[in-house]
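Tertiary structure, described
Given next are the chains, with one letter for each unit.
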Amino acid sequence: MENAVIYEVNVRQYSPEGTFNAFAKDIPQLKKLGVKILWVMPIHPIGIEKRKEGLGSYYSIKDYRDINPEYGNLQDFKNLVNTAHANGIYVIIDWVANHTAWDHPWVKEHPDYYAKNKDGNIISPYDWTDVVKLNYDNAEMRKAMVSDMSYWIKTANIDGFRCDAAKEVPVDFWDTTFQQLEKIKPLFKLMEADQPELMVNSFDMGWGWDSHRMMNAIAQGKKTVKDWDENTKNLASKFAPDDILMNFTSSHDENSWNGSEYQRLGDGVEAFAVLTYMIKGMPLIYDGQEYDFKNTLKFFTKDQITHTKGKMFPIYEKLGVLKNTNSALNGGKEPASYTRLETSNENHVLAFERAKSDKKVIYVANLSQETTPAIVPLEGTYTDYITGKKLTFTKDVKIDLTPWEYHILIK
């Protein structure tokens, strides 16, 4: 939790085959990127009844104890987990606890497991018409859900869960469920939510939506570094010091519905990707980001990322080493300190120091679309971690930072 990189894999879109076996071949590549946690998007069969289009939504679960035949079989998935473990990587699976597909067996066998309207008809949550909402007032449904979750820990030796729409499920369910499941083995629990109360007893990490949205807004000229500073202060007051947030510039939802990071962040892609490693928390790589994939992926039908190593793979590789080995970037239960360094241009230039024990890492970046002169309050010569070049700073002397220019400075 202190020094991990997390990687999200969309199995369907990762390879031409779209299978567990095809993806598992590349797991050693993830190790090179410093990945310690692998988040696998839903592995279960997808509902057919009321399916929206094509192959359907990954999050319309037809059977919690089965494997989507698109991806392979149970043994293929177990082999994926074993391969990850052999490379020092934990595996968490996407768990959809708020709703099921309309053709999940529970709909006919246990209609009381589902939420109903005033007319007694089971209902969809929001406008998600391809799924039906579960009723957490039903104690038997809760037991069945816990049993299905424990199945994957015992059967495939997974290491935790990424819980979809976690805030839609009662907090007490998560609290009691994880207490029971962790009697089997320690787990890593990621919630798709940013509610602090869910991290008191249940989850290890939440969604860094506020920082993500701020990065998009700064890249698009709608916000400035001053707004970033305000957001940082708000997060510090909102969350406990040992709460962990996942930092990201893309994910399956962001890519498919809001555009790739290249469409949202433009020329700031690299500076913001680096920023996700520099701030407190855990950085996420969504599959394709390491290969400079610039397009949006189709959500309901087969698509595919490209696998050509370009600019970002070696950058993510270097960032992974730094995150894994330098305690100044610790972002878990014992995070490194964060000290904002005031520059002469607080609208465009973000500079801060992370430190723990005798380790220090400094981030300096011009987060704007224009060349910006600024005085950075540093003295002496530093090494730029990415380029290996020496940079010398003198008190009260301005330096010109080109648009989106950034430096990771170490002594």
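Preceding this section is the structure that the text describes.
The structure reproduced in this document is the subject of the present report.

Reading the values: rules and limits
- Within each chain, residues carry numbers counting from 1 in the order of the written sequence.
- Owing to the predicted nature of the model, reporting of local features is limited to residues with pLDDT of at least 70; listing and counting of side-chain atom pairs is limited to 80 or more, with chain, interface and lining totals taken over all residues.
- By convention in this description, side-chain values take in all heavy atoms of the structure and omit both hydrogens and water.
- Pairing between two strands requires that DSSP report at least two bridges joining them.
- Numbering of helices and strands runs from the N terminus; a helix is a DSSP stretch of H or I covering at least four residues, while a strand is a stretch of E covering at least two.
- Note on geometry: axes are lines fitted to C-alpha atoms, helical ones only across the stretch in contact, with angles between N-to-C directions running from 0 to 180 degrees.
- When two rings of Phe, Tyr or Trp (its six-membered ring) have centres within 6.5 Å they constitute a pair, described as stacked for plane angles under 30 degrees, edge-to-face for angles over 60, and tilted for the intermediate range.
- Throughout, exposure labels follow a simple rule: accessible area from a 1.4 Å probe, protein chains only, divided by the maximum for the residue type, with under 20% read as buried, over 50% as exposed, and the rest as partly exposed.
- A ring is considered to have a charge above it if a Lys NZ or an Arg CZ atom is located within 6 Å of its centre and within 35 degrees of its normal.
- The term polar contact refers here to a pair of N or O atoms within 3.5 Å; inside protein, the definition further demands a hydrogen-donor-capable atom paired with an acceptor-capable atom, and it admits residues adjacent in sequence only when both atoms are side-chain atoms.
- Throughout, a contact is declared for two residues whenever any of their heavy atoms are within 4.5 Å.
- Side-chain atoms within 4.5 Å are what join buried Ala, Val, Leu, Ile, Met, Phe, Trp, Tyr and Cys residues into a set we call a nonpolar core.
- An angle below 35 degrees is treated as roughly parallel, one above 145 as roughly antiparallel, one from 65 to 115 as roughly perpendicular, and anything else as oblique.
- Here a crossing is called left-handed whenever its near helix is offset anticlockwise from the far helix by less than a right angle, and right-handed whenever the offset is clockwise.
- Residues are grouped as follows: nonpolar covers Ala, Val, Leu, Ile, Met, Phe, Trp, Tyr, Cys and Pro; charged covers Asp, Glu, Lys and Arg; every other residue, Gly included, is treated as polar.

Moving on, we get to the sheet that holds strand E12 (residues 349-356). Here we have 6 strands laid out as an open sheet, ordered E11-E12-E13-E18-E15-E16, and antiparallel in their pairing. The open sheet terminates on both sides in strands that have one partner only, identified here as strand E11 (337-340) and strand E16 (390-393). Adjacent strand axes in the sheet meet at a mean angle of 30° when their direction is disregarded. By the bridge criterion, 8 bridges tie E12 to strand E13 (residues 359-366) in an arrangement that is antiparallel. Pairing of Glu-353 across the sheet is with Ile-362, part of E13.

The next point concerns the packing of aromatic side chains. Applying the stated criterion across every chain, the model contains 29 aromatic pairs. For the pair Trp-106 and Tyr-113, a centre-to-centre distance of 5.2 Å together with 85° between the ring planes defines the contact as edge-to-face. For the residue pair Trp-106 and Tyr-113, the accessibility class agrees, reading buried in each case. Taken together, the ring pairs in this structure connect Phe-20, Tyr-71, Phe-77, Tyr-151 and Trp-152 into an aromatic cluster. The ring of Tyr-262 carries Lys-294 above its face, with NZ or CZ at 4.5 Å from the centroid. The residue whose ring lies beneath Lys-411 is Tyr-382, and the NZ or CZ to ring-centre distance is 4.4 Å.

Burial within helix H12 (residues 269-278) is extensive, with 10 of its 10 residues counted as buried. Within H12, burial applies to Val-269, Glu-270, Ala-271, Phe-272, Ala-273, Val-274, Leu-275, Thr-276, Tyr-277 and Met-278.

Inspection of the secondary structure puts Thr-100 in strand E4 (residues 99-101). Reaching out from Thr-100, the side chain makes a polar contact with the side chain of Tyr-114 at a distance of 2.8 Å. Filtering out sequence-adjacent residues up to four positions away, Thr-100 remains in contact with Ile-61, Tyr-64, Trp-106, Val-107, Tyr-114, Val-131, Val-132 and Leu-134.

Bringing the environment of Thr-296 into the picture now. With respect to the secondary-structure elements, Thr-296 resides in the loop between strand E10 (282-286) and helix H13 (312-325). The partly exposed category is assigned to Thr-296, whose relative accessible area is 34%. Once the C-alpha coordinates of Thr-296 and Ser-260 are considered, the two residues, 36 residues apart in sequence, prove to be 5.4 Å apart. Excluding its chain neighbours within four sequence positions, the residues that come into contact with Thr-296 are Asn-255, Gly-259, Ser-260, Gln-263 and Asp-303.

Further remarks concern the nonpolar core. Grouped together as the largest cluster of nonpolar side chains are 125 residues, with contacts concentrated most on Met-145, Phe-161, Trp-174, Met-278 and Tyr-363. Apart from the residues within four sequence positions on either side, Trp-174 is in contact with Ala-97, Met-149, Cys-163, Ala-166, Val-169, Leu-198, Ser-202 and Phe-203. Membership of the second largest hydrophobic core comes to 12 residues, among which are Val-364, Tyr-382, Phe-393 and Leu-409.

With that out of the way, let us pick up the side chain of Asn-330. Along the chain, the position of Asn-330 falls in the loop between H13 and E11. Residue classification places Asn-330 among the buried positions, given a relative accessible area of 10%.

Take the packing of H12 against H13 next. Contact pair H12 / H13: the axes reach a minimum separation of 10 Å and the direction vectors enclose 15°. With respect to H13, the element H12 is oriented roughly parallel. The handedness of the crossing between H12 and H13 is right-handed. Residues Glu-270, Ala-273, Val-274, Tyr-277 and Met-278 of H12 form the contact with H13, whose own contacting residues are Met-312, Ile-315, Tyr-316, Leu-319, Gly-320, Leu-322 and Lys-323. When the residues that make up the contact of H12 with H13 are grouped by side-chain class, the tally is 9 nonpolar, 1 polar and 2 charged.

Positive phi values are uncommon outside glycine, yet Asp-396 reaches one of about 70°. Mapped onto the fold, Asp-396 is located in the loop between E16 and strand E17 (398-401). The residue Trp-404 is not glycine, and still its phi comes out positive at about 65°. Secondary-structure assignment places Trp-404 in the loop between E17 and strand E18 (406-410). Note on Trp-404: relative accessible area 8%, which makes it buried.

Everything listed is a geometric property; what it means functionally is a separate question.
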